[in-house]
Amino acid sequence: MEISQNTSLARYTTLKIGGDADQLYHPHTKEELIELVATLERENTPWHLIGGGSNLLVSSAGVKGAVIRTTHLTNIRVLSPGLLEAEAGARLPHLAKQAAKLGLSGLEFAVGIPGTVGGGVIMNAGAHGSSMSAILQSALVLDSLNGQVTEMGADQIEFEYRRCILDPKRHCVLSAKFVLDIAEPEVIEAKTQANEDYRWKTQPIGFANAGSTFKNPRPDRTAGYLLDQAGVKNLRHGNAAVSAIHANFVINLGGATSQEVTDLLREMQATVKEKFGEDLTPEWKTMGEFTSEELKVWEKK
Ligand SMILES: Cc1cc2nc3c(=O)[nH]c(=O)nc-3n(C[C@H](O)[C@H](O)[C@H](O)COP(=O)(O)OP(=O)(O)OC[C@H]3O[C@@H](n4cnc5c(N)ncnc54)[C@H](O)[C@@H]3O)c2cc1C
């Protein structure tokens, strides 16, 4: 397992923002990960999990303790016809393409989601009318409170829109099993490609971002629509700006700080509140040192 000290996390997040982690660990097997969490718990060292870093705002002030990056846990295997298992660090776009090649349908929606299986389960990542909860049979989960590893069924994970019952400060998703339909690889590949093409047309290309910033307040009222109508596309704080392509995307123009991004999110929320009376809650998770004032932006109203 590779370990580095005082390592900048900016290169491990898609927003390209984040100060140093005291230690950064890259376990290569589930067993290494389980042992590492047990050791850190015994030593009372705070620990945090990072997958693709594609739904995260990491504090520019850094992260105390250990950050565990799962992206070396990449095994994918077919367990039986229609049942695919993937380790926590497997990238969703790669998994979607592998499933298509294997003639397994159901993961096409995930091809444009630049996260991992672990982060995808935690976030109940979804797109194109589907989500992880629609295809997940079970997840192998380490509970750091008691060191137990349990296979949890989808019903036990209690998925909701962009959330589930698992707490990334306590639970570690080690792997997941997906129930998929058997179909012609060419048909699945065409659908996967169409979903990927759609992304290129509708999302900002070339700027660091972390996908949709806010959750949709209601299924029939998207955050993107509210933000667009409220006229936030010209907002900017330092080097953090709202994308001109998609009002629910925040982009890092280069060297933005977590403080600038947080200030921008606060202003986006206030603008929508004033115009439509709707409260927006960020979809992103935070990691590291934030003031209580900054964290108010993340409170569900
Ligand atoms: C361009 C772009 C497009 C996007 N499009 C979509 C979309 O269409 N739909 C969608 O839902 N999301 C989308 N996202 C957001 C993001 O990709 C998803 O939320 C993804 O599932 C996050 O996975 P990750 O591995 O990057 O998680 P991270 O950002 O690394 O972490 C997210 C949270 O999960 C926790 N975590 C990570 N791994 C584990 C693990 N193994 N066990 C327990 N906790 C863990 C972290 O601690 C953190 O709290 C997009 C992001 C970008 C940048």
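Quick caveat: nothing in here was measured; it's all calculated off a predicted structure. (Residues numbered from 1 in each chain as written. Predicted model: local features only at pLDDT ≥ 70, side-chain atom pairs only at ≥ 80, totals over all residues. Heavy atoms only, no water.)

**Q** What am I meant to see in the sheet that holds strand E2 (residues 20-26) here?
**A** Reading across from one edge, E1-E2-E5-E3 is the order of the four strands in this open sheet, with mixed pairing throughout. With one partner strand each, in any of the chains shown, strand E1 (2-8) and strand E3 (47-50) form the two edges of the open sheet. Averaged over all pairs of adjacent strands, the angle between strand axes in this sheet comes to 30°, irrespective of strand direction. Docked against the sheet, helix H1 (residues 30-42) engages E2, E3 and strand E5 (63-69), running at close to 165° with respect to E5. (Pairing = 2+ DSSP bridges. Helix = DSSP H or I, 4+ residues; strand = E, 2+ residues; numbered from the N terminus. Axes fitted to C-alpha atoms, helices over the stretch in contact; angles between N-to-C directions. Contact = heavy atoms within 4.5 Å.)

**Q** When you look at the site of the ligand in this model, what are you seeing that I'm missing?
**A** Taken together, 36 residues lie near the ligand, and Leu49, Ser54, Thr116, Gly126 and Arg199 sit nearest. A distance of 3.5 Å is found between an oxygen atom of the ligand and a backbone nitrogen or oxygen belonging to Gly119. Here a nitrogen atom of the ligand and a backbone polar atom of Gly126 are 2.6 Å apart. Isolated, the ligand exposes 970 Å² of accessible area, and the fraction of that covered by the protein chains is 94%. Put simply, the parts of the chain that give the shell around the ligand at least two residues each are E3, helix H3 (117-123), strand E9 (126-127), strand E13 (171-179) and strand E15 (208-212). Looking at the shell around the ligand, the element that brings in the most residues is H3, giving five residues. When the residues that make up the shell around the ligand are grouped by side-chain class, the tally is 14 nonpolar, 18 polar and four charged. (Near = heavy atom within 4 Å. Polar contact = N/O pair within 3.5 Å; in protein donor to acceptor, adjacent residues only side chain to side chain. Areas by Shrake-Rupley, 256 points an atom, 1.4 Å probe, with all protein chains shown as cover. Nonpolar A, V, L, I, M, F, W, Y, C, P; charged D, E, K, R; others polar.)

**Q** Whenever I open this one, the nonpolar core confuses me. Can you help?
**A** One broad trend across soluble globular proteins is that nonpolar side chains are buried collectively. In terms of nonpolar packing, the biggest core is built from 34 residues, with Leu107, Val117, Val121, Leu166 and Phe178 touching the most fellow members. Breaking this core down by element, the ones donating at least two residues are strand E7 (83-87), helix H2 (92-101), H3, helix H4 (132-135), strand E11 (136-143), helix H5 (154-157) and E13. When neighbours within four sequence positions are excluded, Leu107 is seen to be in contact with Leu84, Leu95, Ala96, Ala99, Ile135 and Leu180. (Core = buried A, V, L, I, M, F, W, Y, C linked by side-chain atoms within 4.5 Å. Buried < 20%, exposed > 50% of the residue type's maximum accessible area, 1.4 Å probe, protein only.)

**Q** I keep staring at the domain arrangement of the protein chain and nothing clicks. Help me out?
**A** Accessible area lost upon the coming together of the parts serves often as the stated size of an interface. Domain annotation for the protein chain reports domain 1 (2-69), domain 2 (76-200) and domain 3 (204-298). Between domain 1 and domain 2, the contact holds twelve residues from the first and 17 residues from the second. Roughly 1,200 Å² of surface becomes buried between domain 1 and domain 2 when both sides are summed, with 66% attributable to carbon and sulfur atoms. Considering only the side of domain 1, the residues that lose the most area to domain 2 are Lys30, Ile34 and Trp47, jointly responsible for 41% of the buried surface there. At the boundary of domain 1 with domain 2, the tally comes to zero salt bridges. Elements represented by at least two residues in the side of domain 1 that touches domain 2 include exactly H1 and E3. Of the residues forming the side of domain 1 that touches domain 2, the biggest block, five residues, is contributed by H1. The residue inventory of the side of domain 1 that touches domain 2, partitioned by class, reads five nonpolar, four polar and three charged. (Domains from an automatic or database assignment. Buried area = accessible area lost by both parts, 1.4 Å probe. Salt bridge = Lys/Arg side-chain N within 4 Å of Asp/Glu carboxyl O.)

**Q** How should the packing of H2 against helix H6 (residues 185-202) be read in this particular structure?
**A** Axis angle and axis distance: for two packed helices, these are the angle between their axes and the distance between the axes, and together they describe the pair. In contact at an axis separation of 8 Å, H2 and H6 are set at 155° when each is read in the N-to-C sense. By the angle between their axes, H2 is roughly antiparallel relative to H6. Of the residues in H6, those touching H2 at Lys97, Ala100 and Lys101 are Pro185, Ile188, Glu189, Thr192 and Glu196. Residue composition of the contact of H2 with H6, by class: three nonpolar, one polar and four charged. (Parallel < 35°, antiparallel > 145°, perpendicular 65-115°, else oblique.)

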